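This is what each chain is made of:
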Amino acid sequence: MSTTDSHEVIGQTRVHPMSPGQDFATVQEAITRCRSYRKDHGLYGVVDPGLGRIMLEIGAVGAVVMPAVLGEHVRDHLGARNGPIIAHPRSGRWTFLTGPTDNSYLDMALFSDLFRVCASVALPGSNIVLPSPADEHSGYRTWIAAPERDFRPELAEVVAATRACTALRRQ
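Residues numbered from 1 in each chain as written. Predicted model: local features only at pLDDT ≥ 70, side-chain atom pairs only at ≥ 80, totals over all residues. Heavy atoms only, no water.

Peer 1: I'd like a description of the sheet that holds strand 10 (residues 142–145), backed by residues and values.
Peer 2: On the basis of which strands lie adjacent, the open sheet formed by five strands has the order 8-5-7-6-10 and antiparallel pairing. At either end of the open sheet lies a strand with only one pairing partner, and these are strand 8 (120–121) and strand 10. Inspection of the sheet shows strand 5 (residues 62–67) paired to strand 7 (residues 93–98) by six bridges, in the antiparallel sense. Of the residues in strand 7, the one forming a bridge with glycine 62 is threonine 98. (Pairing = 2+ DSSP bridges. Helix = DSSP H or I, 4+ residues; strand = E, 2+ residues; numbered from the N terminus.)

Peer 1: Describe the sheet that holds strand 9 (residues 127–130), naming the residues involved and giving the relevant values.
Peer 2: Pairing in this open sheet of three strands is antiparallel, and the strands run 3-4-9 from one edge to the other. Edge positions in the open sheet fall to strand 3 (46–48) and strand 9, since each of these has one partner strand only. Adjacent strand axes in the sheet meet at a mean angle of 45° when their direction is disregarded. (Axes fitted to C-alpha atoms, helices over the stretch in contact; angles between N-to-C directions.)

Peer 1: For a nonpolar patch on the surface, give the residues involved together with the corresponding values.
Peer 2: On the surface, Met108, Phe111 and Phe115 cluster together into a nonpolar patch covering about 380 Å² of accessible area. Residue phenylalanine 115 is classed as exposed on the basis of its relative accessible area of 58%. (Patch = residues over 30% accessible without salt bridge, like charges linked within 9 Å, V, L, I, M, F, W, Y side chains within 5 Å. Areas by Shrake-Rupley, 256 points an atom, 1.4 Å probe, with all protein chains shown as cover. Salt bridge = Lys/Arg side-chain N within 4 Å of Asp/Glu carboxyl O. Buried < 20%, exposed > 50% of the residue type's maximum accessible area, 1.4 Å probe, protein only.)

Peer 1: Just give me the short version of the side chain of serine 132, but keep the residues and values in it.
Peer 2: With respect to the element layout, serine 132 can be found in the loop between strand 9 and helix 4 (133–138). Apart from residues lying up to four places away in sequence, serine 132 is in contact with Arg33, Gly52 and Ile54. (Contact = heavy atoms within 4.5 Å.)

Peer 1: Can you lay out the nonpolar core for me, pointing to particular residues and giving the numbers?
Peer 2: Ranked by size, the top nonpolar core spans 21 residues in total, and within it Val64, Met66, Val74, Phe96 and Val121 carry the most contacts. Mapped by element, the contributors of at least two residues to this core are strand 5, helix 2 (68–78), strand 6 (85–88), strand 7, helix 3 (108–116) and helix 5 (155–170). Per-element tally for this core: the top contributor is helix 5, with five residues. In this structure methionine 66 touches Gly71, Val74, Gly92, Arg93, Trp94, Phe96, Cys118, Ala119 and Thr162, once residues within four positions along its chain are discounted. Counting 15 residues, the second-largest nonpolar core is a separate cluster that includes Ala30, Leu43, Ile58 and Val61. (Core = buried A, V, L, I, M, F, W, Y, C linked by side-chain atoms within 4.5 Å.)

Peer 1: An account of the pattern of salt bridges is requested, with residue identities and associated values reported.
Peer 2: For the structure on display, the rule yields five salt bridges. Among the ionic pairs, arginine 75 bridges to aspartate 76, the shortest N-O distance being 3.5 Å. Take arginine 75: its relative accessible area is 27%, and that puts it in the partly exposed class. Given a relative accessible area of 53%, aspartate 76 falls into the exposed group. For arginine 116, the salt bridge identified is with aspartate 113, shortest N-O distance 3.0 Å. With a gap of three residues between them, arginine 116 and aspartate 113 both fall in helix 3, about one helical turn apart. Residues joined in a network through salt bridges with shared partners are Asp113, Arg116 and Arg163.

Below you can see the structure in the form of structure tokens.
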């Protein structure tokens, strides 16, 4: 790569650097938010210092990802007990945070049902990204339903609601 190139390549991904001041401010805002997620909501994420993103490992917290249109139906089906929901506006997807993950990801019938509607259960040990101030300012990742204390519905509840909503859509 030439020394005049304004970005570096990491793996196959081009990373466009921010100015040092922006980088520091972005990471500091993410750290502040991450502390709040930990203290107020039991979401024990970590900040990726290179990106300023708040990463949460799946395990004690589970997640179900689906298209936003289906997510709206699932949220309505769950009612007031929908728990935290993250929107990914650019990809048109929602992520429902749940209680601890379980072995349901091994259920081939469930995998098939969710696959048909472009939904999935996040695998234990994988990471999801929680909204950071930088994400919210850019509209890249936002809360549809922000966390309330440490409440999250059980994974089985969100999966059942997803299946129920897809069954209703087929009728």
